[in-house]
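One-letter residues, chain by chain:
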Amino acid sequence: MRRGRRKRSGAGSGTQPDFAAALETRLMENGLEAPRAAALPGQVMLIACGALAREILAINAANGWDQAVLECLPAKLHNAPQHIAEAVRVKIRDAKARGFERIFVLYADCGTGGALDAVCTAEGVERIHGPHCYAFFDGVETFEARHEEELGTLYLTDFFAKQFDALIWRGFGLDQAPEMRDILFAHYSRVVYLAQTDDPVLDRKAQEAAQRLGLRYERRFTGYGDLGGVLGALQ
Amino acid sequence: MADEEDEIILSELNDDELVLQMHDDLYDGLKDEISEGVNILLGRGWTPYDVLTKALVEGMRIVGIDFRDGILFVPEVLLAANAMKSGMHILRPLLAETGAPKQGKMVIGTVKGDIHDIGKNLVGMMMEGAGFDVVDLGINNPVENYIEAIEKEDADILGMSALLTTTMPYMKVVIDEMTAKGIRENYIVLVGGAPLNEEFGKAIGADAYCRDAAVAVETAKEFMEHRKHNQTA
């Protein structure tokens, strides 16, 4: 069909002044690829969302777990979940072709409506339990138990607090049409920042995000939640 | 300078050009231009129903196709829907006065535990545009709301929407309750929402899964034709 005149600014297109920010942008746009090498005995391939890369690497490093090879898909798929399942399938098949016998998917359902589970089942691979990454940071059981009373909550994690502008503000076109904010978030009442780390800069960013959305703000420290246990069990 | 050269005066376009321009303006999410275009066509003696179907609904159909094909993304569709809403704001009272042809009645709502309503609102607008009476139950609806509304409104169609993987199974709760009450076959049940697919729609016992608002309208029309045919046979 016809293309409109309007140009859409892509997520992560803003200027990023430092290396850390550039890495975040890379995780958002391109994901992360491990060096192309055949699997070593005992190694496990972790296929994850780019939004989890830092946390996975931090947990593995802190525990001296060095049997895992990490590959991440671009975090921007968060806004296009219909593409996640097939993108994961490609990664799984690539890992199998490189000789990985142990593969684990570090994606929650993430709005795929069960499509990711179907791919995992078909490929004989397991994934981390839960509907969203913020659910397993919070602890899936705790998160699900609170769902009804927390209706109308927008959750941020460390990654989403850092990338709020790219993933949510620009990702939903609010930079071009700020008036859409009140339509998009009409039934939201607050932002809850589920913090993986104690970082005042991220706390401030999350608070600013809530202000920009016109929502109340709450910070809740979760640490890595279920993620640490899952990674530990793979060692 | 370029902008000045490109500026289009809507009132100087003939009807055909204006309708095509309105399709473009919907596509670009320009709500002020859509309001202006609607008023111009009405001022030229167009019926509200023709303005709605030829300018707005057709424009949104194009938006729906390009969303399906990955040319447009969610923000653009939201802006287009917002532009359509501005046109509907003008047309809705006029449509009620002029008695546009009626296709049937739909009760629509987002399921319990889910507060997302943009897609549902768009379906509601497009269904109105196609001549359906739409009763919108809003968000976070338990099964009782749906059952009460379809019976009270004597609806033909029940539409359910969900954006979350965690809330979409609730649609089955509603359909199962309709079956338990022996009223399932009295209604056409259409379901939609980002994480759903056709397989899910079939698995929960819906009549159809609708990928987008334009598909919802076409599907509803087809089922209503079939229903009318069966009633007269």
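Details of the domain arrangement of chain A
Residue and element names in this part refer to chain A. Entries for chain A in the domain assignment read domain 1 (15-134 + 225-233) and domain 2 (142-221). Averaged C-alpha coordinates put domain 1 and domain 2 at centres separated by 23 Å. Taken together, the contacts link 15 residues of domain 1 with 15 residues of domain 2. In total, domain 1 and domain 2 occlude about 1,300 Å² of area from one another, counting both sides; carbon and sulfur atoms represent 69% of this. Among the residues of domain 1 in contact with domain 2, Met28, Asn79 and Tyr134 are the three that bury the most area, contributing 44% of the side total. On inspection of domain 1 and its partner domain 2, the count reaches one salt bridge.

Here's the deal with the sheet that holds strand β5 (residues 208-209) of chain B
Residues and elements named next belong to chain B. Here five strands make up an open sheet; going across it, the order is β2-β1-β3-β4-β5 and the pairing parallel. Two strands close off the open sheet at either side, each with one partner strand: β2 (132-136) and β5. Relative to strand β4 (residues 188-192), strand β3 (residues 157-161) is paired through five bridges, and the arrangement is parallel. Bridge pairing in β4 links serine 161 to glycine 192. The strands touched by helix α6 (residues 118-129) are β1 (104-110), β2 and β3; relative to β2, the strand with the most contacts, the crossing angle is about 155 degrees.

As for the side chain of aspartate 138 of chain A
Residue and element names in this part refer to chain A. Following the sequence through the fold, aspartate 138 ends up in helix α5 (residues 133-138). Since its relative accessible area comes to 12%, aspartate 138 is described here as buried. Of the polar contacts made by the side chain of aspartate 138, one reaches the side chain of arginine 146; its length is 2.3 Å. In this structure aspartate 138 touches Phe143, Arg146, Leu194, Arg220 and Thr222, once residues within four positions along its chain are discounted.

Focus: the sheet that holds strand β2 (residues 68-73) of chain A
Within a sheet, neighbouring strands are paired by backbone hydrogen bonds and run either parallel or antiparallel to one another. Residues and elements named next belong to chain A. Strand order in the open sheet formed by four strands is β2-β1-β3-β4, with parallel pairing between adjacent strands. Two strands in the sheet have a free side with no partner beyond their single neighbour: β2 and β4 (126-127). Pairing analysis gives five bridges linking strand β1 (residues 44-49) to strand β3 (residues 102-106), with the strands arranged parallel. Following the sheet pairing, valine 44 is matched in β3 by arginine 102.

Reading guide: rules and limits
Residue positions are given per chain, counted from 1 along the sequence in the order it is written. To read the labels, note that chains go from A and ligands from 1, taken in the order they are written. In keeping with the model being predicted, local features are shown solely for residues with a pLDDT of at least 70 and side-chain atom pairs are shown and tallied solely at 80 or more, while totals for entire chains, interfaces and linings include all residues. Calculated side-chain values reflect all of the structure's heavy atoms, with hydrogen atoms and water omitted. The domain limits used here are those given by an automatic or database domain assignment. Contact criterion: two residues are considered in contact whenever any of their non-hydrogen atoms come within 4.5 Å of each other. Put simply, buried area is how much 1.4 Å-probe accessible surface two parts lose in total, over both of them, once they are put together. Only one rule defines a salt bridge in this text: a Lys or Arg side-chain nitrogen within 4 Å of an Asp or Glu carboxyl oxygen. The rule for pairing is simple: two strands pair if DSSP sees at least two bridges between them. Strands here mean DSSP runs of E at least two residues long; helices mean DSSP runs of H or I at least four residues long; both are numbered from the N terminus. To obtain each axis, a line is fitted to C-alpha atoms, and for helices this fit is confined to the stretch in contact; angles are then taken between N-to-C directions over 0 to 180 degrees. Burial status follows relative accessibility: with a 1.4 Å probe on protein chains alone, a residue under 20% of its type maximum counts as buried, one over 50% as exposed, and anything between as partly exposed. Here a polar contact is taken to be a pair of N or O atoms separated by no more than 3.5 Å, where protein atoms must pair a possible hydrogen donor with a possible acceptor and residues adjacent in sequence count only if both atoms sit in side chains.

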